[in-house]
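# Results of the structural survey
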Amino acid sequence: MPLPSFDSVMAFVGYALLAVVSFILILGLLMLLVALVSMRRGRFYLPWLLRPGLIMLEGMAKTIWKIGKVDDREISAFSIRMRNQLNRDRFSKVPMKDRAVFLPQCLRSADCPSHLTTEGLVCKRCMRCDIGRSIDELEAQGCRVFIVPGSTFLTRMVKKYRPQAIIGVGCLMEVKEGLDMLERKNLLGIGVVTTKDGCVETTLDWSALMEAVTIKPSTDH
Ligand code: SF4
């Protein structure tokens, strides 16, 4: 059998490249279209298609922002907002009893009288901090609320109680890493970032937390 000529090999490579580039372009356009419709309607369609697209987008944004010397915090905030939005629809369908809130211990007063137990800290409602003022209202929604010193406790409580959805509170980096971890474990998460960072007496927009905890299915479909 005669060997194919150099020209025919190059033509084949050219057609193959053209096919790959066209496929990527069509896929990109499709993702863009789905993303635009999703944003317009406030809910994410075809998450299996959007998820890889958004991960790619996040990677591209990181690169562009790094070149433009944009603060890492802005990238993390963008990533958290994106994941929250992406998970919102599935999260809204999880019954309240299957949702768990994880509060960081740094939200407590520096004079907090609670003690560490195997399930984290148990608030004594001494009212020295906002946890005491809000925890009953959160629990009244029907979800579990934990005050934890770190991700080890979170992992342990998730293994024990098997919640279907998690609302994680923490500083920007904690929430970003927490959402990454939940995604690796195939768990649904929504992140709420504290309004003041630090190791003690951090602050939180409690109404934003309550809004996240009580996300309900959209009636607009
Ligand atoms: S209200 Fe609860 S968490 Fe806050 S300081 Fe008192 S016992 Fe600690």
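Residues numbered from 1 in each chain as written. Predicted model: local features only at pLDDT ≥ 70, side-chain atom pairs only at ≥ 80, totals over all residues. Heavy atoms only, no water.

So, on to the pairing of strand β5 (residues 165-170). Of all 6 residues in β5, 6 are buried, a share of seventy percent or more. Here β5 shows two buried faces, one formed by Ala165, Ile167 and Val169 and the other by Ile166, Gly168 and Gly170. Alignment of strand β1 (residues 99-104) against β5, held across 4 bridges, turns out to be parallel. Bridge pairing links Arg99 to Ala165 in β5. The pairing of β5 with strand β6 (residues 188-193) spans 6 bridges and is parallel. The partner of Ala165 across the bridge, within β6, is Leu188. (Buried < 20%, exposed > 50% of the residue type's maximum accessible area, 1.4 Å probe, protein only. Helix = DSSP H or I, 4+ residues; strand = E, 2+ residues; numbered from the N terminus. Pairing = 2+ DSSP bridges.)

Close to the ligand lie 13 residues, the nearest being Cys112, Cys123, Lys124, Cys126 and Cys129. Among the detected pockets, the ligand sits in the largest cavity. Its residues placed into classes, the shell around the ligand shows 7 nonpolar, 2 polar and 4 charged. (Near = heavy atom within 4 Å. 1 Å grid on protein atoms, 1.4 Å probe; cavity = no way out; pocket = protein on both sides within 12 Å on 5 of 7 lines; lining within 4 Å. Sits in = over half its atoms within 2 Å of the grid points. Nonpolar A, V, L, I, M, F, W, Y, C, P; charged D, E, K, R; others polar.)

Here we come to the packing of aromatic side chains. Counted under the stated rule, the structure contains 2 aromatic pairs. On the numbers, 5.0 Å between centres and 15 degrees between planes, the contact of Phe102 with Phe146 is stacked. Placement of the pair is Phe102 in strand β1 and Phe146 in strand β4 (residues 144-148), with a sequence separation of 44 residues. Per residue, the accessibility class of Phe102 equals that of Phe146, and both read buried. Taking 5.7 Å as the distance between ring centres and 35 degrees as the angle between the ring planes, the aromatic pair formed by Phe146 and Tyr161 counts as tilted. One end of the pair, Phe146, is in strand β4; the other, Tyr161, is in helix α5 (residues 151-161), and 15 residues separate them in sequence. Aromatic ring contacts, followed pair by pair, group Phe102, Phe146 and Tyr161 into a single cluster. Against the face of Phe153 rests Arg156, its NZ or CZ located 4.7 Å from the ring centre. (Phe/Tyr/Trp six-rings, centres within 6.5 Å; stacked < 30°, edge-to-face > 60°. Lys NZ or Arg CZ within 6 Å of the ring centre and 35° of its normal.)

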